[in-house]
Amino acid sequence: MQLPSTFDDLVIEANQLNLYKNLIFQLNKDFKLANIDLDFHEEVLPTSLKLILHETIFNLIQEKFTDYLNLLYIIDVSEKQIKALDGNDTLKLSEDVSFLILKREWQKVYLKNKYK
């Protein structure tokens, strides 16, 4: 499976396969498991999704780092990928982590759909 390299590619692929709502459902499920109060509406626009997720991750890094680590564990984002990111700029880091989260969630949704 070739994972999308940009946010836009991910959204296009999810929409083409009619799996965008499943992606939102998976995000909501994992955020709930991590006890993070974030619930996207199933009709959320991709731009809003990106902005809200980025803002949430930024706030978690700044204010609730343990919750942030727990979320990464629950979603199963690769530790190697996280360590490869530049942590000097928290804003850029949160944007990159948001995309890693979306890619991992997309991978779960795609594989569940393919092998159901």
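From a predicted model like this one, the values you see are computed outputs, not experimental measurements.

## Re unusual backbone geometry
In step 1: Here the phi dihedral of N18 falls at roughly 55°; this positive angle occurs in a residue that is not glycine.
In step 2: Summarising the element assignment, N18 is placed in the loop between α1 (7-16) and α2 (20-33).

## Points about helix α4 (residues 65-75)
In step 1: Among all positions of α4, only Y68, L71, L72 and I75 are buried. The arc that holds every buried residue of α4, seen down its axis, measures 95°, which confines them to one face. Across from the buried face of α4, at angles greater than 90 degrees, the exposed residues are T66 and Y73.
In step 2: Backbone geometry just after α4 places D76 at a positive phi near 75°.

## With respect to a nonpolar patch on the surface
In step 1: On the surface, M1, L111 and Y115 cluster together to form a nonpolar patch covering roughly 330 Å² of accessible area.
In step 2: Looking at the secondary structure, you find Y115 in the segment after α6 (90-114).

## Thoughts on the pattern of salt bridges
In a structure, side chains of opposite charge can pair up when their charged atoms sit close to one another.
In step 1: A complete count under the given rule lists seven salt bridges for this structure.
In step 2: Notably, a salt bridge pairs E42 with K21, separated by 3.9 Å at the nearest N-O pair. Of the two residues, E42 sits in the loop between α2 and α3 (46-63) while K21 sits in helix α2, which places them 21 residues apart along the sequence.
In step 3: The class of E42 is partly exposed, set by a relative accessible area of 43%.
In step 4: A salt bridge links D96 to K92, with the shortest nitrogen-to-oxygen separation between them at 2.9 Å. Here K92 and D96 lie together in helix α6, a separation of four residues that amounts to about one turn.
In step 5: What makes K92 partly exposed here is its relative accessible area of 41%.

## Details of the packing of aromatic side chains
In step 1: By the definition in use, this model includes two aromatic pairs.
In step 2: Ring plane angle 40° and centroid distance 5.3 Å describe the contact between F65 and Y68, whose orientation is recorded as tilted. Separated by three residues within a single helix, F65 and Y68 lie in helix α4, roughly one turn from each other.
In step 3: Classification of F65 by relative accessible area gives partly exposed; the value is 45%.

## Section: the side chain of K108
In step 1: Residue placement: K108 occurs in helix α6.
In step 2: Judged by its relative accessible area of 15%, K108 falls in the buried class.
In step 3: In this structure the side chain of K108 is engaged in a polar contact, spanning 3.1 Å, whose partner is the backbone oxygen of I75.
In step 4: The residues contacting K108, other than those within four sequence positions of it, are Q26, D30, I74 and I75.

How each quantity is defined
- Residues numbered from 1 in each chain as written.
- Predicted model: local features only at pLDDT ≥ 70, side-chain atom pairs only at ≥ 80, totals over all residues.
- Heavy atoms only, no water.
- Helix = DSSP H or I, 4+ residues; strand = E, 2+ residues; numbered from the N terminus.
- Buried < 20%, exposed > 50% of the residue type's maximum accessible area, 1.4 Å probe, protein only.
- Arc of directions from axis to C-beta.
- Patch = residues over 30% accessible without salt bridge, like charges linked within 9 Å, V, L, I, M, F, W, Y side chains within 5 Å.
- Areas by Shrake-Rupley, 256 points an atom, 1.4 Å probe, with all protein chains shown as cover.
- Salt bridge = Lys/Arg side-chain N within 4 Å of Asp/Glu carboxyl O.
- Phe/Tyr/Trp six-rings, centres within 6.5 Å; stacked < 30°, edge-to-face > 60°.
- Polar contact = N/O pair within 3.5 Å; in protein donor to acceptor, adjacent residues only side chain to side chain.
- Contact = heavy atoms within 4.5 Å.

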